[in-house]
Amino acid sequence: MKIEQLKEKLENLKYSTGIKNRNELYAYVPKSAAVDVATMLYTAHKLNFAAEFCQQKTGEDGFFISILFISRKHNYYVVIRYETEDTLMSIQDLVFQAHLFEREISDLYGLGIAGGKDARNLVKHEAWESGVYPLKKDFPYGTKIKERNETGKYEFKGLSGEGGYQIAVGPVHAGIIEPGHFRFSAIGESIENLEIRLMYKHRGIEKMMENVDADKLSLVFERVSGESAAAYSEGYAHLVESLNGWQVSEDIKALRVAFLELERACNFLEDIAGICVDIGFSYPAKKFSYFSELIRQLCERVTGSRFLRNSIIPCGNNVEFGGDKAVDIVDTIDGIVHRFNRIVEMTLVSVSFLDRVENTGIIRNDNAVKLCMTGVSGRASGIVYDVRNSFSYELYPKLKKPVQTETLGGVFERYKLKIEEIRSAFDYIKSSLDFIGGRTVPKERNSISLQAGQEAIVSVETVKGDLIIYGLTGMDNRFDRIYMKTPSFANWRGLTYAVMGEIVPDFPLCNKSMNMSYSENDR
């Protein structure tokens with residue numbers, strides 16, 4: 001059903017509706033009807049659940065709860081919105097993953113979860129002081145949450161019967177990775193259950209975004225998750241340009257695609273290197289990491305930043321890009337491709353490598369759908385969805401490629417798809433540069449001026465999956481609310497299915513094949 005038809009249907013049910021920014025349908029419903037309307041969209045119209053978030057009424061008591069669905073076939077968003085004073089209406093019986101979003105809202109806004117089976121803390125940990133809700137307007141910006149150990153103990157799933165045992169890993173890990181707790185329940189060598197607890201380092205980023213001038217906010221976005229700096233800055237640029245109707249030149253759109261795909265190539269090279277590391281296949285691991293480093297150095301030569309920071313900006317371009325840089329990019333890629341293909345082939349003919357990755361860490365399609373998984377992890381399980389195709393942006397509509405998927409959903413499928421993503425990234429980059437055709441793309445900075453009371457939703461394909469950003473503008477060129485549905489927020493739960501029945505030593509391999517981000521949860 002197209003967006004206009006759905007709007008008409010909702011209006012026939014006596015709900016107030018409105019279409020904004022061409023592909024965003026907002027339906028305002030009574031609190032008592034929210035679950036029924038969500039059920040209709042999810043079951044009868046087969047829309048995909050995307051997120052659930054909260055915003056406090058501007059200058060008033062009370063809150064708006066927004067349930068976000070998307071039509072992947074017709075490329076539009078649907079927001080079911082209702083008002084509440086102190087509770088949200090749970091849709092956990094309808095959407096399995098809804099418990100994550102509802103528990104986050106409860107922790108950050110202090111709302112109860114009416115009818116929710118799982119109301120445990122998600123963001124709040126035992127060290128938090130009680131009665132503190134960081135996203136409420138009366139929580140002062142810049143205030144740190146005090147460690148007073150006033151929050152109740154988190155209840156993990158226990159063991160029953162004989163012969164079982166639990167292994168607790170984290171939250172503190174060796175090395176420099178962020179904190180996360182993994183509790184394995186095992187019988188013998190086989191994992192029977194894995195429970196993951198994250199969000200040990202709530203950084204208050206969405207609160208910060210309400211207090212930073214829109215002209216400087218891109219610098220915050222690109223630091224939400226370091227490996228996806230370009231994708232997050234693209235998300236912010238996309239949001240601002242959607243809000244104010246700004247159109248950048250076709251050359252800037254092409255250049256943005258090149259930067260985004262350079263970021264994807266870097267990260268996927270490190271991902272497949274990590275898979276080889278966890279198997280003990282050191283030669284391909286070192287080579288893949290070396291290729292990634294070559295691209296990082298290329299990014300620094302082209303933009304001044306190894307992570308492409310401060311390159312993609314709203315309503316302009318922050319990199320002086322000429323023909324010499326285009327030649328550098330093409331020469332670097334050409335110097336990698338042949339060697340990359342040889343090393344890939346080395347892994348695919350290695351019996352010991354295949355023995356570890358084939359039929360390991362499987363997430364069946366029905367489970368992946370239930371978990372709302374996206375990105376490579378979702379596509380490896382047969383979910384045909386890529387934001388670059390469904391909600392195409394920048395130059396992607398002109399460069400669109402078929403969505404590549406696998407069906408079994410194991411480590412090997414994720415490995416193969418990431419290899420194809422690297423090859424696809426190189427193709428996208430070259431096609432983008434061909435479109436620019438040797439022309440100079442000059443630096444172009446324009447100040448951002450936002451009108452209060454506007455809202456928009458945008459999506460971007462990151463290396464982890466789909467990033468969805470909602471923005472509501474406020475006064476003084478700032479946002480009243482920014483919400484981010486990060487890909488890792490939902491995808492992490494896929495790991496709990498991937499390890500079921502596997503041996504504990506295969507956990508690092510399953511984990512690395514998905515390679516979710518801690519920091520995307522610690523926002």
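Preceding block: the structure.
Note that the structure is a prediction, hence the values are computed from the model and not measured.

## Overview of the sheet that holds strand β13 (residues 479-485)
Stage number 1. If you walk across this open sheet you meet the 3 strands as β11-β12-β13, and the pairing is antiparallel. With partners counted over all chains shown, the strands left at the sheet margins are β11 (455-461) and β13, one partner each. Strand after strand, the sheet turns through a mean of 15° between neighbouring axes, direction not considered.
Stage number 2. The sheet contact formed by strand β12 (residues 466-473) and β13 spans 6 bridges and is antiparallel. Across the sheet, the residue bridging to L472 is R481, located in β13.
Stage number 3. Along the sheet, helix α6 (residues 229-244) makes contact with β11, β12 and β13, crossing β11 at roughly 150°.

## Focus on the pairing of β12
Stage number 1. Counting buried positions over the 8 residues of β12 gives 8, a clear majority of the element.
Stage number 2. Burial along β12 is two-sided: the residues D466, I468, Y470 and L472 and L467, I469, G471 and T473 are all buried.
Stage number 3. Strand direction decides the pairing type here: β11 and β12, joined by 7 bridges, are antiparallel. Each residue of the ladder has a partner; that of I457, found in β12, is Y470.
Stage number 4. The antiparallel pairing of β11 with β12 creates a hairpin that spans 4 residues between the two strands, and G465 there sits at a positive phi of about 145°.

## Concerning unusual backbone geometry
Stage number 1. For the bond running from G170 to P171, omega is 15°, close enough to zero to count as cis.
Stage number 2. When you line up the elements, P171 lands in the loop between β8 (164-169) and β9 (181-187).
Stage number 3. The phi angle at N359 is positive, at roughly 55°, despite the residue not being glycine.
Stage number 4. In this fold, N359 is placed in the loop between α10 (351-357) and α11 (365-370).
Stage number 5. One non-glycine residue, E394, lies in the positive phi region at around 50°.
Stage number 6. Here E394 shows up in the loop between α13 (387-390) and α14 (396-399).
Stage number 7. A residue is classified by how much of its surface remains accessible, and E394, at 14% relative accessible area, is buried.

## Side note on the packing of aromatic side chains
Stage number 1. Inspection of every chain in the model, using the stated rule, returns 21 aromatic pairs.
Stage number 2. Aromatic side chains Y42 and F69 sit 6.4 Å apart centroid to centroid with 45° between the ring planes, which places their arrangement in the tilted category. A residue pair is termed long-range when its members are at least 10 positions apart, and Y42 in helix α2 (residues 34-44) and F69 in strand β4 (residues 63-71) qualify at 27 residues.
Stage number 3. Between F49 and F101, the aromatic rings sit 5.3 Å apart at their centres with planes inclined by 85°, giving edge-to-face as the arrangement. Here F101 lies in helix α3 (residues 98-109) and F49 lies in strand β3 (residues 48-56), a separation of 52 residues in the sequence. F101 carries the same exposure label as F49, and that label is buried.
Stage number 4. In textbook terms, an aromatic cluster arises when at least three aromatic residues are bridged by ring pairs, as seen for Y42, F49, F69, F101 and F489.
Stage number 5. Lying over the aromatic face of F64, K57 brings its terminal NZ or CZ to 5.6 Å of the ring centre.

Conventions we followed
Residues numbered from 1 in each chain as written. Predicted model: local features only at pLDDT ≥ 70, side-chain atom pairs only at ≥ 80, totals over all residues. Heavy atoms only, no water. Pairing = 2+ DSSP bridges. Helix = DSSP H or I, 4+ residues; strand = E, 2+ residues; numbered from the N terminus. Axes fitted to C-alpha atoms, helices over the stretch in contact; angles between N-to-C directions. Contact = heavy atoms within 4.5 Å. Buried < 20%, exposed > 50% of the residue type's maximum accessible area, 1.4 Å probe, protein only. Phe/Tyr/Trp six-rings, centres within 6.5 Å; stacked < 30°, edge-to-face > 60°. Lys NZ or Arg CZ within 6 Å of the ring centre and 35° of its normal.

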